[in-house]
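Understanding the architecture of this molecule
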Amino acid sequence: MTTQTSSRPGLHHWRRRFGALATVAGLAALAGCSGVTYAETPLPTTVAPKPAAAAPAASAPTCQNATQSYDPLPSLPSRGENTDQKMRDLYAKGFITVGVSADTYLFGARDPFTGTLEGFDIDMSRAVAKAIFGDPSKVQFRVITAADRLPLLEDKQVDMVARNMSMTCDRWNDIGFSAEYYRSGQKVLVGKNIPDAANLGLADLKGKKVCAPTGTTSLTKLEQVAKQAGGPEVVTAPNHTGCLVLFQQGKADAITGDDTVLAGLAAQDPNTVITKAKAITVEPYGLGFNKADTYLARYVNRVIADLEADGEWKAIYNRWLAAPLGPAPAPPTPVYGR
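Since we're looking at a predicted model, the values are computed, not measured. Counting from 1, residues in each chain are numbered in the order their sequence is written. Side-chain atom pairs in this predicted model are given and counted only at pLDDT of 80 or more, local residue features only at pLDDT of at least 70, and totals for whole chains, interfaces and linings cover all residues. As a rule here, side-chain values cover all heavy atoms of the structure and leave hydrogens and water aside.

Here we take up helix α3 (residues 120–133). Counted at 1.5 Å a residue, the expected span for α3 with its 14 residues is 20 Å, and the 20 Å between its end C-alpha atoms agrees. Buried residues are those whose accessible area, probed at 1.4 Å on protein chains only, stays under 20% of the maximum for their type, while exposed residues exceed 50% and partly exposed ones sit between those limits. Numbering of helices and strands runs from the N terminus, with a helix taken as a DSSP run of H or I at least four residues long and a strand as a DSSP run of E at least two residues long. When you tally the buried positions in α3, you get 12 out of 14 residues, the bulk of the element. Expected span of a helix, by definition, is 1.5 Å for each gap between consecutive residues, and there is one gap fewer than residues.

A few words now on the sheet that holds strand β2 (residues 103–104). Note: two strands are recorded as paired if DSSP finds a minimum of 2 bridges between them. Strand order in the open sheet formed by 3 strands is β2-β3-β4, and the pairing between neighbours is antiparallel. The two strands at the open ends of the sheet, each matched to only one other strand, are β2 and β4 (117–118). Note: β2 against strand β3 (residues 108–110), 2 bridges, orientation antiparallel. In the sheet register, T104 faces β3, and the bridge partner there is G108.

In this section: the packing of aromatic side chains. Here a Phe, Tyr or Trp ring, Trp counted by its six-membered ring, pairs with any other such ring whose centre lies within 6.5 Å, and the pair is stacked when the planes are under 30 degrees apart, edge-to-face when over 60, and tilted otherwise. The tally for this structure, following the rule as stated, stands at 12 aromatic pairs. Judged by centre distance (4.9 Å) and plane angle (80 degrees), the rings of F107 and Y182 are edge-to-face. Taken together, the residues span a long stretch of sequence, with F107 in the loop between β2 and β3 and Y182 in strand β8 (residues 182–184) at a distance of 75 residues. In this structure, F107 and Y182 share a single accessibility class: buried. Ring-pair connections join several aromatic residues into one group, and the members of that group are F107, F120, Y181, Y182, Y285, W313 and Y317. A cation sits over an aromatic face here: R338 above W172, 3.6 Å from the ring centre. Charges are assigned to positions over rings by a cutoff of 6 Å between ring centre and Lys NZ or Arg CZ, combined with an angular limit of 35 degrees from the ring normal.

What follows is about the sheet that holds strand β11 (residues 233–237). Reading across from one edge, β11-β10-β12-β9-β13 is the order of the 5 strands in this open sheet, with mixed pairing throughout. The sheet terminates laterally at β11 and β13 (272–274), the two strands that pair on one side only. Strand-to-strand, the axes of this sheet are offset by a mean angle of 30 degrees, without reference to chain direction. Inspection of the sheet shows strand β10 (residues 209–213) paired to β11 by 5 bridges, in the parallel sense. Residue V210 lies in a different strand from β11, and its bridge partner there is V234. Sheet strands in contact with helix α6 (residues 217–226) are β9 (186–191), β10, β11 and β12 (254–258), and its direction is about 150 degrees off that of β10. Between N-to-C directions, angles span 0 to 180 degrees; the directions come from axes that are lines fitted to C-alpha atoms, helices contributing only their stretch in contact. Throughout, a contact is declared for two residues whenever any of their heavy atoms are within 4.5 Å.

Listed below in structure tokens is the structure:
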């Protein structure tokens, strides 16, 4: 169902190994938490529409904070104590099915030599499996694209998604989220040959072809900027690997996405640079669930809180991200009460 956990090699070792490859396998996601100043943009909100004249006075609830999740369980119940039907189904199945990335370097990427899926999101998934089954190997990874995340959760084809997914109010309409477990921000990757490349923001790329993966909030923001007079031209691909291929083929001048992803792409292509312009969004990552599985989300929120309290969250961060970014910062502050 899953591959064994391997120890984390140094960053120079990864560059040497990946430099030997002719493909863009094992592409990247380096975290943007440490030492990064984010633009002061609010989290997305959805305002409930006004009811029609003949409708009742009560209106639909409004999403005020996309990072607000369900209250965690007070403690993790034993298997025998747990009567929730979803949890009973997982116990009967014997593993949890998790949708992940296989090309987001250091978050969810496949080692091209061993085939092992590794990274921050992979270890978070294993921590959930360990809490439920007492065994971190009791997880079945399903490699999915960013566009697959919501449909597969809604269709109950996966039990959880751990694929650097931003929490938004629009997405809360369709799925549920854990508490925020990681924070990133949207930036731009450009070729070093572009004049003043290091200082360009997305709005500065007038007439340039900018790629973002389909089904992402990065594409939504790119499309908004592109509508402005003299904005960039939108190019899409199924994932950031596809965007990098288009960039290397000269079919895209830049790539936009979470800085966690772009930093890894830059590490793999020495002809690129992440601009120093402030991140244009705040991207809080949450683990995704089917909207009906609120108990499972509460269970996982307890797992995340325990990981943060006992230092395991920082250990996971340091395992994958300390080499390029320095020691782990404090984890995101959870918001409960949904």
